[in-house]
Amino acid sequence: MRIIYVLFIYVLNTSLCFSQDNPGIYKSKDFIVWGTEELTWKDFRGPVLSKDFDAGTYGGISYYKEKNGGLFWFAYFSKDKSWHSGETDYGLEHEKYHFNIVEIHARKLRKAISANKLSMKDTKKMSEYINKIWAECEAMQNAYDKETKHSKNKKKQIEWEKKIDIELDKLKAFSDITVHEY
C-alpha cells in the first residue's frame, strides 16, 4: 500500500475584499464551504508543488456579508490551490480531517463572536479573537501531522479522527455559518 504524505496549507482570510457586492469565496465554484459537499480527489486541481508530499490542501476561514446584513463566517477549501500526486481512500480521509480542523476553529470563532457580542466594526477586538483562534488552528494542524506522521501512523490517525470528531460535536451549536452581528 502506498503511504500518502500530506502538506496542509492553511490561511485565515479576513480581508475586506469580501464586500457586499463581491461574495468571493463564499459563492465561487472554485472553493468548497465546509459541510456543503464531500471532498474528493477531483477537487484537488492545483499543480503539484512538492516531491516530498503526495498531497497539499489549501484551506482557511473567511467571511461574507450580504447587503441585507447577513454575516457568514465559514471554513473553506480551495480547489485550484490544493493538489495531489496519488489517490488512496486513506490519504483522502487524512485530508478531510485537515479540513475538519479548520471547521472546528471556524466554530470557535463563531462562538467567540456570539459570546462576546463582537461586531465587524470592532476591528481591534475581532482581530484579537481571529489571531488567537487561528494560532490554535495552526498548532492543531501541526500536531495532527506530527503525531500521525502525515497519516503514516495508523493508530495515531484513528485517535486523531476520534478527537476531531469529538471537538466538532462539542461545537455543534456553532455549526451554522450565520453569525448575528452586534
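Residues numbered from 1 in each chain as written. Predicted model: local features only at pLDDT ≥ 70, side-chain atom pairs only at ≥ 80, totals over all residues. Heavy atoms only, no water.

Engineer: Can you walk me through the pairing of strand 3 (residues 55–65) in this structure?
Structural biologist: Remark: a regular strand shows side chains that alternate across the two faces of the sheet. Counting buried positions along strand 3 gives ten out of eleven residues, so the element sits mostly inside the fold. Of the strand pairs in this sheet, strand 3 and strand 5 (residues 83–84) are connected by two bridges, and their pairing is antiparallel. By the bridge assignment, Ala-55 is partnered in strand 5 with His-84. The sheet contact formed by strand 3 and strand 4 (residues 71–78) spans seven bridges and is antiparallel. Among the inter-strand pairings, Tyr-64 is bridged to a residue of strand 4, identified as Phe-72. Where strand 3 folds back onto strand 4 in an antiparallel hairpin, the turn is made up of five residues, including Gly-69, whose phi is positive at roughly 100 degrees. (Buried < 20%, exposed > 50% of the residue type's maximum accessible area, 1.4 Å probe, protein only. Helix = DSSP H or I, 4+ residues; strand = E, 2+ residues; numbered from the N terminus. Pairing = 2+ DSSP bridges.)

Engineer: Any chance you could explain helix 2 (residues 123–148) here in plain terms?
Structural biologist: Every α-helix carries 3.6 residues per turn, so stepping three or four residues along brings you back to the same face. Here helix 2 contains 26 residues, and its C-alpha end-to-end distance of 37 Å stays within 8% of the 38 Å for a straight helix at 1.5 Å per residue. Within the sequence span of helix 2, burial applies to Met-126, Ile-130, Ile-133, Trp-134, Cys-137, Met-140, Gln-141, Tyr-144, Asp-145 and Thr-148. (Expected span 1.5 Å × (residues − 1).)

Engineer: I keep staring at the pairing of strand 4 and nothing clicks. Help me out?
Structural biologist: Burial of strand 4 is extensive: eight of the eight residues sit out of reach of the surface. The side-chain alternation of strand 4 yields two buried faces, one formed by Leu-71, Trp-73, Ala-75 and Phe-77 and the other by Phe-72, Phe-74, Tyr-76 and Ser-78. Looking at chain direction, strand 2 (residues 31–33) and strand 4 are connected through three bridges and run antiparallel. Across the sheet, residue Phe-31 finds its bridge partner in strand 4, namely Ser-78. Judged from the two bridges that link them, strand 4 and strand 6 (residues 178–179) form a sheet pairing that is antiparallel. Directly across from Leu-71, in strand 6, lies its bridge partner Val-179.

Engineer: Help me understand helix 1 (residues 89–115) in this model?
Structural biologist: For helix 1, built from 27 residues, the straight-helix expectation of 39 Å at 1.5 Å per residue is met to within 8% by its first-to-last C-alpha distance of 39 Å. Burial of helix 1 is extensive: 20 of the 27 residues sit out of reach of the surface. Where helix 1 terminates, the next one or two residues include Lys-117, which has phi positive at roughly 50 degrees.

Engineer: Can you help me understand the packing of helix 2 against helix 3 (residues 154–170) in this one?
Structural biologist: Axes are the key here: two packed helices are described by the angle between their axes and the distance separating the axes. Packing of helix 2 against helix 3 leaves a shortest axis separation of 8 Å and a crossing angle of 155 degrees. Considering their axes alone, helix 2 and helix 3 lie roughly antiparallel with respect to each other. Here the hand of the crossing between helix 2 and helix 3 comes out right-handed. Note on element contacts: helix 3 touches helix 2 through Lys-156, Gln-157, Trp-160 and Ile-164, opposite Met-140, Ala-143, Tyr-144, Glu-147 and Thr-148. Tallied by class, the residues present in the contact of helix 2 with helix 3 amount to five nonpolar, two polar and two charged. (Axes fitted to C-alpha atoms, helices over the stretch in contact; angles between N-to-C directions. Parallel < 35°, antiparallel > 145°, perpendicular 65-115°, else oblique. Left-handed = near helix turned anticlockwise from the far one by under 90°. Contact = heavy atoms within 4.5 Å. Nonpolar A, V, L, I, M, F, W, Y, C, P; charged D, E, K, R; others polar.)

By themselves, these figures tell us nothing about what the structure is for.
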